[in-house]
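Architecture at a glance
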Amino acid sequence: MTMERILIRGTNWLGDAVMTTPAMQRLRASFPDAHIALLATPLTAGLFQESPLVNEVIPYRRREDGVKAFFDVVRQLRERQFDVALLFQNAFEAALLAWMGNVGLRIGFAEQGRGLLLTHRLHRGADYQNRHQTLDYLDIVAACERACLGERFQPTVEIPLPSLVATASQHTAAEAMLRQFAIADRRPLIALNAGATNSRAKCWPAERFAELADRLNEELNAQIVLIGGAAELDYAERVVFRVKRAGIVNLAGKTSMNELIGLLAECDLLVSNDTGPAHVAAALGTPTLTIFGPTNEFETSPTGRHAELIRADNIECARCMHRDCPIDHRCMTRITANDVLARARKLLQTQAV
């Protein structure tokens, strides 16, 4: 079966989008001549605007423009006559879009009551528990390959790591921003991400981030920058309020996607809560230390050549997945600044070698 036009309904969150990159690499390798379009929200679209993995990015402004955006995309899908839709997003709406858009093959997990809208349904078994999310997206691509390649289908042997490469324009954007804040040549350049969208429980205490920033500045003469989205500005400001040494620069809410990618590629280290930029940095190959508490690192940890995580030992309620801790936040408060500093030093030494 010939697949000339492929639609991917991308994920809505930045970290999830990075985790789809191994599947997108596999898809591009299996269908090198296909026109691959990615339907993506404004939050994740910038991640792929210059990517060789897709031919175009179709913006989906459902949250911004409401129902109008849904029907605009349905119309576009009908006009473009896609052969297959790979539904990386698990929502019912993703399947409804593809079905109403007259996409011939609709492939995804039969969840959220959308099974009847799919032509090829995947199901999660008991072995999916503690299985990394990147494998789910690879399963969807494998189902597409089986349907379209027939006997030519070859199962994935090696699972590639999520991978991003900062473009020249992204480096240029970051360098201009660093010059603007007079930190173009200061090394080591270390980013801290103190916030986490929609989850206070994922946040290491602001006073610990502040202590870490002071120690890195004092002991390593590091330039510290705070990053995060506009919704996380409050977390960054709490850190700034608590630091004792001058020199920390707060860039939270001030970076475009291009600037963020370029900045993380320029950094010598990122220390972050479990949130999207940690996945971006890890995929870029930047040394990344992610602090875990209520979330499950087996399923969603940032992965890369220099990506590590830290969590407190012997916390009986760890991986609870609560957005607000109902007790004393012990999974985070038992991780000290000394713990993180020691791991950060080792990561910086590894990069130096």
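Here is a short report on the structure shown in this document. What you see is a predicted model, and the numbers here were worked out from it, not measured in a lab.

The rules behind these values
- Residues numbered from 1 in each chain as written.
- Predicted model: local features only at pLDDT ≥ 70, side-chain atom pairs only at ≥ 80, totals over all residues.
- Heavy atoms only, no water.
- Helix = DSSP H or I, 4+ residues; strand = E, 2+ residues; numbered from the N terminus.
- Rg over C-alpha atoms; globule rule 2.2 N^0.38 Å.
- Buried < 20%, exposed > 50% of the residue type's maximum accessible area, 1.4 Å probe, protein only.
- Contact = heavy atoms within 4.5 Å.
- Areas by Shrake-Rupley, 256 points an atom, 1.4 Å probe, with all protein chains shown as cover.
- Lys, Arg positive; Asp, Glu negative; His and termini not counted.
- Charge placed at Lys NZ, Arg CZ, Asp CG, Glu CD.
- Phe/Tyr/Trp six-rings, centres within 6.5 Å; stacked < 30°, edge-to-face > 60°.
- Lys NZ or Arg CZ within 6 Å of the ring centre and 35° of its normal.
- Arc of directions from axis to C-beta.
- Axes fitted to C-alpha atoms, helices over the stretch in contact; angles between N-to-C directions.
- Parallel < 35°, antiparallel > 145°, perpendicular 65-115°, else oblique.
- Left-handed = near helix turned anticlockwise from the far one by under 90°.
- Salt bridge = Lys/Arg side-chain N within 4 Å of Asp/Glu carboxyl O.
- Pairing = 2+ DSSP bridges.

Right, let's get into the overall build of the protein chain. On a plain count of helices and strands, the protein chain comes out with 15 helices and twelve strands. Here the C-alpha radius of gyration of the protein chain, 21 Å, is about what a compact globule of 353 residues would show, namely 20 Å. Its C-alpha atoms give the protein chain principal-axis dimensions of roughly 60 × 45 × 40 Å. Looking at the 353 residues of the protein chain, the share that counts as buried comes to 55%. Restricting to contacts in the protein chain with at least 6 residues of sequence separation, those with at least 24 account for 64%. Approximately 15900 Å² of the protein chain is accessible, and the part contributed by carbon and sulfur atoms is 49%. Of note, the protein chain has its 39 positive side-chain charges centred 2 Å away from the centre of its 40 negative side-chain charges.

All chains considered together, the criterion is met by four aromatic pairs. Measuring from centroid to centroid gives 5.3 Å for Phe88 and Tyr137, while their planes differ by 55°, and the two rings are tilted. Of this pair, Phe88 sits in the loop between β4 (84-87) and α6 (92-100) while Tyr137 is found in helix α7 (residues 133-149), placing the two residues 49 residues apart along the sequence. Exposure remark for Tyr137: the relative accessible area of 5% places this residue in the buried category. The positively charged end of Arg124 is found above the aromatic ring belonging to Phe109, 4.0 Å away from the centroid.

Every α-helical turn comprises 3.6 residues, leaving residues that sit three or four positions apart pointing alike. For helix α10 (residues 233-242), the set of buried residues is Tyr235, Ala236 and Val239. One face of α10 carries all of its buried residues, which in axial projection span an arc of 95°. Check the buried side of α10 and you find it contacts α9 (206-220), β8 (223-227) and β9 (249-250).

For the pair α9 and α10, interaxial distance at closest approach is 8 Å and the crossing angle is 55°. As the angle between them shows, α9 and α10 are arranged oblique. Read as a crossing pair, α9 and α10 show a hand that is right-handed. The residues of α10 that touch α9, namely those facing Ala206, Glu207, Phe209, Ala210 and Asp214, are Arg238, Val239 and Arg242.

Turning our attention to the pattern of salt bridges. A side chain of one charge can pair with a side chain of the opposite charge when the charged atoms of the two come close. One pass over the full model with this rule turns up 22 salt bridges. Put simply, Glu79 and Arg75 hold a salt bridge, and the shortest N to O gap is 3.5 Å. Within this pair, Glu79 and its partner Arg75 are both found in helix α5 (residues 67-80), separated by four residues, close to a single helical turn. For Glu79, a relative accessible area of 55% corresponds to the exposed category.

Taken in spatial order, the six strands line up as β9-β8-β7-β10-β11-β12 in an open sheet, and their pairing is parallel. Whereas interior strands pair on both sides, the edge strands pair on one side only; in this sheet they are β9 and β12 (307-310).

Before going further, it helps to examine helix α12 (residues 276-284). Of all nine residues that make up α12, nine are buried, and the element is covered over most of its length. For α12, the complete set of buried residues consists of Gly276, Pro277, Ala278, His279, Val280, Ala281, Ala282, Ala283 and Leu284. One or two positions beyond α12, positive phi appears at Gly285, with a value near 90°.

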